[in-house]
Amino acid sequence: MSGLDQVNHEISRACDAAARAVSSVRLIAVSKFQTVDAIREAIDAGQKCFGESRVQEAEPKIAELPDDLEWDFIGRIQSNKIRRIVEHFGVIHSVASEAHARAISRVAGELGRRPQIFLQVNQADEASKDGFSTHRLVEVLPELLELPHLEIVGLMVIPPIESETETSHWFSELRELRDQLEVQFACRLPRLSMGMSADFSEAIGAAATDIRVGSAIFGGRERPVP
Ligand SMILES: *Cc1c(COP(=O)(O)O)cnc(C)c1O
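First, a word on what this report is: a plain description of the structure on this page. Here the structure is a predicted model, which means the values were calculated and not measured.

On to the overall build of the protein, then. Across its full length, the protein holds nine helices and eight strands. The C-alpha radius of gyration of the protein comes to 17 Å, within 12% of the 17 Å expected for a compact globule of 226 residues. With the C-alpha coordinates of the protein rotated into their principal frame, the extents come out at 45 × 40 × 35 Å. Burial analysis of the protein (226 residues in total) assigns 50% to the buried set. Taking all contacts inside the protein whose residues are at least 6 apart in sequence as the whole, residues at least 24 apart take part in 57%. For the protein, the exposed area adds up to about 11,000 Å²; of that, 48% sits on carbon and sulfur atoms. For the protein, the centre of its 25 positive side-chain charges and the centre of its 35 negative side-chain charges are spaced 4 Å apart.

Here's what the structure looks like:
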């Protein structure tokens, strides 16, 4: 069985266990550092949605591959790359500041686009990670919801790796935060982007709608020497 088949199999199992429909989970095949040939293999096996974390790496791949794919941006956002991100990606998972959200909306307006965005949450207040603290999110969400040229679809998290706390704790906490924000601001944040190769089944159990899975599909990544 290919990595992709195994992941899809595991998704159905996790959905069964959580009494969820398989169609309620969107699998993003994280193709960063993977070749176009590896991506083509996944496309041939039925995969349509891919995640990339660097614009300059993604652009040639997007240009070379069929037009009917969905590309999600999952990497750290740099202000000077926002135009290219909005040009190429319909979904942006890693919006981690108000300034970036505003810039995305402005550029999307200019380009006649309306990307779906996730607000990245830094639940553990890790210095090494981007993301809104829970406290900050509560402060800025009402203004962000007013931005005209983007659609805030939900919250995203990359849980701490070196943590005494179990990953599933962070997943349930993100869900609870989402539930609280929906009530507090009378808004809809239907999607939760959480779960990677090591923990996507748990994430599905905790209501993830968008899982970002790389190595379990493609095998290891050769990181290019910078
Ligand atoms: C690389 C990456 C993933 C995929 O990680 P795997 O462990 O290979 O599944 C998911 N999310 C983000 C934000 C990433 O950068």
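With that settled, consider the pattern of salt bridges. Working definition: two side chains of opposite charge can pair if their charged atoms are close together. A full pass over the atoms with the stated rule returns 20 salt bridges. One salt bridge connects R76 with D130, and the closest N-O pair in it is separated by 2.9 Å. With R76 in the loop between β3 (70-73) and α4 (82-88) and D130 in the loop between β5 (116-120) and α6 (134-145), the pair connects residues that are 54 residues apart, well separated along the chain. Taking relative accessible area as the criterion, R76 reaches 53% and is therefore assigned exposed.

What follows is about the site of the ligand. Within the structure, the ligand sits among V30, K32, I74, I158, M196, S197, R212, V213, G214, S215 and R221. Taking R212, its side chain carries an N or O atom lying 2.9 Å from a nitrogen atom of the ligand. Within the contact set of the ligand, an oxygen atom lies 2.8 Å away from a backbone nitrogen or oxygen of G214. Computed on the free molecule, the ligand has an accessible area of 390 Å², of which 87% lies beneath the protein chains in the complex.

Quick look at the pairing of β5 now. Most of β5 sits out of view: four of its five residues are buried. Looking at chain direction, strand β4 (residues 91-95) and β5 are connected through three bridges and run parallel. By the bridge assignment, I92 is partnered in β5 with I117. A crossover connection joins β4 to the parallel β5 through helix α5 (residues 98-111); in handedness this β-α-β unit is right-handed. Sheet topology note: the β5/strand β6 (residues 151-156) ladder contains five bridges and is parallel.

Most peptide bonds take the trans configuration, and most residues that are not glycine carry a negative phi. The backbone phi angle of A19 is positive, close to 55°, even though this residue is not glycine. Position of A19 relative to the elements: it lies in the loop between α1 (3-17) and β1 (26-30). For A19, a relative accessible area of 71% translates into the label exposed. Look at A186: it is not a glycine, yet its phi comes out positive at around 45°. Given a relative accessible area of 73%, A186 falls into the exposed group.

Definitions and cut-offs
Residues numbered from 1 in each chain as written. Predicted model: local features only at pLDDT ≥ 70, side-chain atom pairs only at ≥ 80, totals over all residues. Heavy atoms only, no water. Helix = DSSP H or I, 4+ residues; strand = E, 2+ residues; numbered from the N terminus. Rg over C-alpha atoms; globule rule 2.2 N^0.38 Å. Buried < 20%, exposed > 50% of the residue type's maximum accessible area, 1.4 Å probe, protein only. Contact = heavy atoms within 4.5 Å. Areas by Shrake-Rupley, 256 points an atom, 1.4 Å probe, with all protein chains shown as cover. Lys, Arg positive; Asp, Glu negative; His and termini not counted. Charge placed at Lys NZ, Arg CZ, Asp CG, Glu CD. Salt bridge = Lys/Arg side-chain N within 4 Å of Asp/Glu carboxyl O. Near = heavy atom within 4 Å. Polar contact = N/O pair within 3.5 Å; in protein donor to acceptor, adjacent residues only side chain to side chain. Pairing = 2+ DSSP bridges. Right-handed = clockwise from strand over helix to strand, strands pointing away.

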